[in-house]
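Coordinate analysis (summary)
Each chain, letter by letter, is given below.
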Amino acid sequence: MASTWKKLKISLIPKIYTQQHHRRSSYSSSANGIASSPSPSSASRSSSLLSYSFSFRSPKKICAICLGSLKKGEGQAIFTAECSHPFHFNCIATNVQHGNRICPICRSEWKDIPFQAPKNDADSRHNISIDQARVSPYNTSLEDNFVSGFHHNMHQPALPQLETDHFSDDESLPAIHAGTASSTRPQAITIKALPEFPAVLASDAVTEFAILVGIRAPPFHVDVQQSDRAPIDLVAVLDVSGSMAGKLALLKRAVCFIIQNLGPSDRLSIVTFSSSARRILPLRRMCRSGHDDAICAINALYSNGGTNIVEGLKKGVKVLEERREHNPIASIILLSDGHDTLNGDTHSLYRSVQNHTLNPRHNLQYLYLLPASICTRNNAPGGESWQLTIPVHTFGFGSEHDSNAMHAISDISGGTYSFIESIDILQDAFARCIGGLLSVVAQDVRLIIQSISPGVQVGSIPSGRYRSEIFNQRQKAIIDVGSLYADEEKEFLVYLSIPASSHAEGEEKLDNMSLLDVLCSNKDSTNMESVQLRSKRVEIRRPEVLSPTDRMVCLEVDRQRNRLSVAEAIANAQRMAEQGDLEHAQAVLSEQRIALLSSVSAQAGDGLCNWLEAELRETGHRMANMQLYEQTGRAYVLSGLSSHSWQRATTRGHSTTIILGEGVTTSTSTTISYETPSMVNMVSKSQILNHGTSQQPQRLNKSCSLIQQHK
């Protein structure tokens, strides 16, 4: 019987080689030097043949874990398993130390496994640790690692080591030479301040007079983008639980896109989590060798186990907290397709986060598990307050992920939440996010609003999730904006109370009235130097009689009011949907849609109003019934609310672009507002790599009208 089986294997080898050679020749390397991962079905189909194809794909034997040479006499111990597959002893010992007894190549279960004694601290300090966790080529074709010229010259990856208790092993930042900062980019943030009406009757006292206060960051100069922007310390926290099996190939490709777009001053660390979490790449500079090690770590991942989001975030935060040196920007991206199976129920998490003053200590147990750098809990009279420190940008895959938890984590930390309905657009979603993160031009941005006329008081500032404060007897207010991407705009409505105009007998009556001074301060992101305050004054006329033009509302104020009203209506509808009251939720959306279409700016054909109306319709469609709402509606709505509350673009639904032009059907399953040119360019780059051609995504210009596509 054994002889017959041996002959059968020999006869099959040429056929296997022919199939593998044909499949290899059909692959094309991507423009950034990373080969496309095979589809999950092809990976599964070829996994049983890996032991044979190994010898045909490379002229030398390769360790399936670190992809290094298995040549004898090179100073590394080699372990040969009972299934006859060889590995570096250190690689396989690390792979099995958590109880994994499955061969990474043929998936057979081992009876005998290697054991590696713990190393002493002195030895571990002499090694640069790249902690390979849950690694296997099972979901990655070996030719993916060598098909391009980039990987032909890949340096020998560092051997995997046991994970250290402390993460102060971040790679040193490059030396900064004096005079390297670019002076071609204008440093000033531009300010605008527009009154709702140009005039108010002298005899009238107004209790809610709206002022639009807006800022816009300077753009990048096309020739100096790399030197002009602030470098980033980025931690990718990736779900590799068992449910990710069919999505892992596209996840690897998307993360490799991030890697290839980080510069030599940027640093990246990778943390994976399933039932537990592990750092598989320390905080490394993304120079040539850093790119190689990061891609090697990503290509070696496979999926198994449960989902422990909290543990993944704790480890990701630890990487940033314990680093010895700091880049100006630090952020975490979190990706998951499921619910946290090890840290309790998160069903009521969203409602608790949105209403901090309503029983603030109830149902917040899950948030209390998060690290303080994400959710800082300061005891304050009447509730809890959160100080945003490390923003976490979350990405939820498919209909089974915990949208409540993912939105709450991003919301509480100052990040954004994107809903990836189709895994095919994951790379584009990453592109949009890092397009912003890699274009930060200003930090610690603060708006100061100062009343300059007696009786003029600041009533309220609906600033979304940006912290605002009114003080000094309502004579002064601040809005903390934080960081700004290149060309990014933020707009806020400031509501004032204005007294009737009065003057003492014998005094000359003034036709104009100064209301506010708006000032802006910030730090330059490249050198962290404070930028001098700039100001803008708001004045109105106080005539005895209003002319027709005095009664014309400012369109920019009106469209901003529409945006806030639509966001509020969607939030109210979402709360009703959570209670199962879809009928009233639909009624709220319909009423808001009617009010929107009857507004002055919508009647004038404003592009933002058109988009808001489409968003209301799409939200209503996803609330048609409870099954649809729970599958995609909740995630779609929460991603939209995240975008509105931070005035920052997110990806939601199954598309990443809206092309508006004659004869072109638009998609409403995406976000075109709040996009910056850097985001648009990065998404376009992603689409070129994926499809070979790109349709340029559209965005809103500063007048909020859509940029039309011309033939």
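Anything mentioned here points back to the structure above.
The text that follows walks through the structure, step by step, so that each part is easy to find. (Residues numbered from 1 in each chain as written. Predicted model: local features only at pLDDT ≥ 70, side-chain atom pairs only at ≥ 80, totals over all residues. Heavy atoms only, no water.)

Here we take up the nonpolar core. I309, L313, I332, L334, I409 and M623 are the most contacted members of the largest nonpolar core, which totals 51 residues. When neighbours within four sequence positions are excluded, I409 is seen to be in contact with I309, L313, L334, Y366, L370, I374, V392 and T394. Core analysis: the next-biggest nonpolar cluster, separate from the first, contains 49 residues, L268, L301, F395 and L438 among them. (Core = buried A, V, L, I, M, F, W, Y, C linked by side-chain atoms within 4.5 Å. Buried < 20%, exposed > 50% of the residue type's maximum accessible area, 1.4 Å probe, protein only. Contact = heavy atoms within 4.5 Å.)

Quick look at the pattern of salt bridges now. Under the criterion given, the structure shown has 30 salt bridges. Here E491 and K192 are joined by a salt bridge, their closest N and O atoms 2.6 Å apart. With E491 in strand β17 (residues 489-498) and K192 in strand β3 (residues 190-195), the pair connects residues that are 299 residues apart, well separated along the chain. Accessibility assignment for this pair places E491 and K192 in one class, buried. One network of salt bridges, in which partners are shared, links D170, D233, R267, R323 and R324. (Salt bridge = Lys/Arg side-chain N within 4 Å of Asp/Glu carboxyl O. Helix = DSSP H or I, 4+ residues; strand = E, 2+ residues; numbered from the N terminus.)

Inspection of the secondary structure puts L641 in helix α19 (residues 626-646). Overall, the relative accessible area of 10% leaves L641 in the buried class. Note: C-alpha distance between L641 and I570 (71 residues apart in sequence) is 7.9 Å.

What follows deals with unusual backbone geometry. Located in the positive-phi region is D444, a residue other than glycine, with phi close to 50 degrees. Not every positive phi belongs to a glycine, and Q647 is a case in point at roughly 50 degrees. Tracing the chain through its elements places Q647 in the loop between α19 and β20 (652-653). Under the relative-accessibility criterion, Q647 is labelled buried at 5%.

What follows deals with the packing of helix α16 (residues 582-597) against helix α18 (residues 607-621). Packing of α16 against α18 leaves a shortest axis separation of 10 Å and a crossing angle of 165 degrees. Here α16 is positioned roughly antiparallel relative to α18, judged by the angle of their axes. As α16 runs across α18, the sense of the crossing is left-handed. In this structure, α16 contributes Q586, L589, Q592, R593, L596 and L597 to the contact, and α18 contributes C609, L612, E613, L616, R617, T619 and G620. Considered class by class, the residues forming the contact of α16 with α18 number six nonpolar, four polar and three charged. (Axes fitted to C-alpha atoms, helices over the stretch in contact; angles between N-to-C directions. Parallel < 35°, antiparallel > 145°, perpendicular 65-115°, else oblique. Left-handed = near helix turned anticlockwise from the far one by under 90°. Nonpolar A, V, L, I, M, F, W, Y, C, P; charged D, E, K, R; others polar.)

Bringing the packing of aromatic side chains into the picture now. This model, assessed by the stated rule, comprises three aromatic pairs. Relative to F430, the ring of F395 has its centre 5.0 Å away and its plane inclined at 90 degrees; by these criteria the two rings are edge-to-face. One end of the pair, F395, is in strand β11 (residues 392-397); the other, F430, is in helix α14 (residues 426-437), with 35 residues separating them in the sequence. On the basis of relative accessible area, F395 is assigned to the buried category, the value being 2%. Summarising the aromatic geometry, the rings of Y466 and W646 are spaced 5.1 Å apart at their centres and angled 90 degrees between planes, so their arrangement reads as edge-to-face. In this pair, Y466 is assigned in the loop between β14 (457-460) and β15 (467-471) and W646 in helix α19, connecting sequence segments 180 residues apart. An aromatic cluster is defined as three or more aromatic residues linked by ring pairs; in this entry it consists of Y466, F492 and W646. Over the face of the ring belonging to F167 we find R279, whose NZ or CZ atom lies 4.2 Å from the ring centre. Directly above the aromatic system of Y485 lies the positively charged group of R648, at a separation of 3.9 Å from the ring centroid. (Phe/Tyr/Trp six-rings, centres within 6.5 Å; stacked < 30°, edge-to-face > 60°. Lys NZ or Arg CZ within 6 Å of the ring centre and 35° of its normal.)

Taken together, four strands build an open sheet; the order of strands is β3-β4-β17-β14 and the sheet is antiparallel. Two strands bound the open sheet, and with one partner strand each, they are β3 and β14. Adjacent strand axes in the sheet meet at a mean angle of 35 degrees, parallel and antiparallel pairs treated alike. When β14 meets β17, the two strands line up antiparallel, connected through three bridges. What sits directly across from V458, in β17, is L496. The strands touched by helix α15 (residues 555-578) are β3, β4 (206-216) and β17; relative to β17, the strand with the most contacts, the crossing angle is about 100 degrees. (Pairing = 2+ DSSP bridges.)

A few words now on the environment of S269. Tracing the backbone shows S269 in strand β6 (residues 267-273). A relative accessible area of 0% places S269 in the buried class. Residues S269 and V235, spaced 34 residues apart in sequence, show a C-alpha to C-alpha distance of 4.7 Å. Those residues in contact with S269 that lie beyond four places of it in its chain are L234, V235, A236, R279, L281, P282, L283 and V319. Polar side-chain contacts of S269 include one of 2.6 Å to the backbone oxygen of L281. (Polar contact = N/O pair within 3.5 Å; in protein donor to acceptor, adjacent residues only side chain to side chain.)

Let's shift gears to the packing of α15 against α16. Look at α15 against α16: their axes get within 8 Å of each other, and the N-to-C directions meet at 170 degrees. Classified by the interaxial angle, the pair formed by α15 and α16 is roughly antiparallel. Across from N562, S565, V566, A569, I570, N572, A573, M576 and A577 in α15, the residues of α16 making contact are L582, H584, A585, V588, L589, Q592 and L596. A class-by-class count of the residues in the contact of α15 with α16 yields 11 nonpolar, five polar and no charged.

To continue, consider the sheet that holds strand β18 (residues 512-524). An order of β15-β16-β13-β18-β19 is seen for the five strands of this open sheet, with the pairing classed as antiparallel. The open sheet has two edge strands with one neighbour each: β15 and β19 (530-541). Averaged over neighbouring strand pairs, the angle between their axes works out to 20 degrees when direction is ignored. Relative to strand β16 (residues 476-485), strand β13 (residues 440-451) runs antiparallel, the two sharing eight bridges. Paired with I449 across the bridge in β16 is A477.

Here the focus is the environment of L250. Counting through the fold element by element, L250 comes out in helix α8 (residues 248-260). Judged by relative accessible area, L250 falls into the partly exposed class, the value being 32%. For the pair L250 and I425, spaced 175 residues apart in sequence, the C-alpha to C-alpha distance is 9.2 Å. Ignoring any residue separated from it by four or fewer positions in sequence, one finds L250 in contact with I423, D424 and L426.

Once that is clear, we can look at the pairing of β4. Of all 11 residues that make up β4, eight are buried, and the element is covered over most of its length. The pairing of β3 with β4 spans six bridges and is antiparallel. Its bridge partner being in β4, K192 is matched across the sheet by G214. Here β4 runs beside β17; their pairing, made up of nine bridges, is antiparallel. Considered in β17, the bridge of G214 is made with E491.

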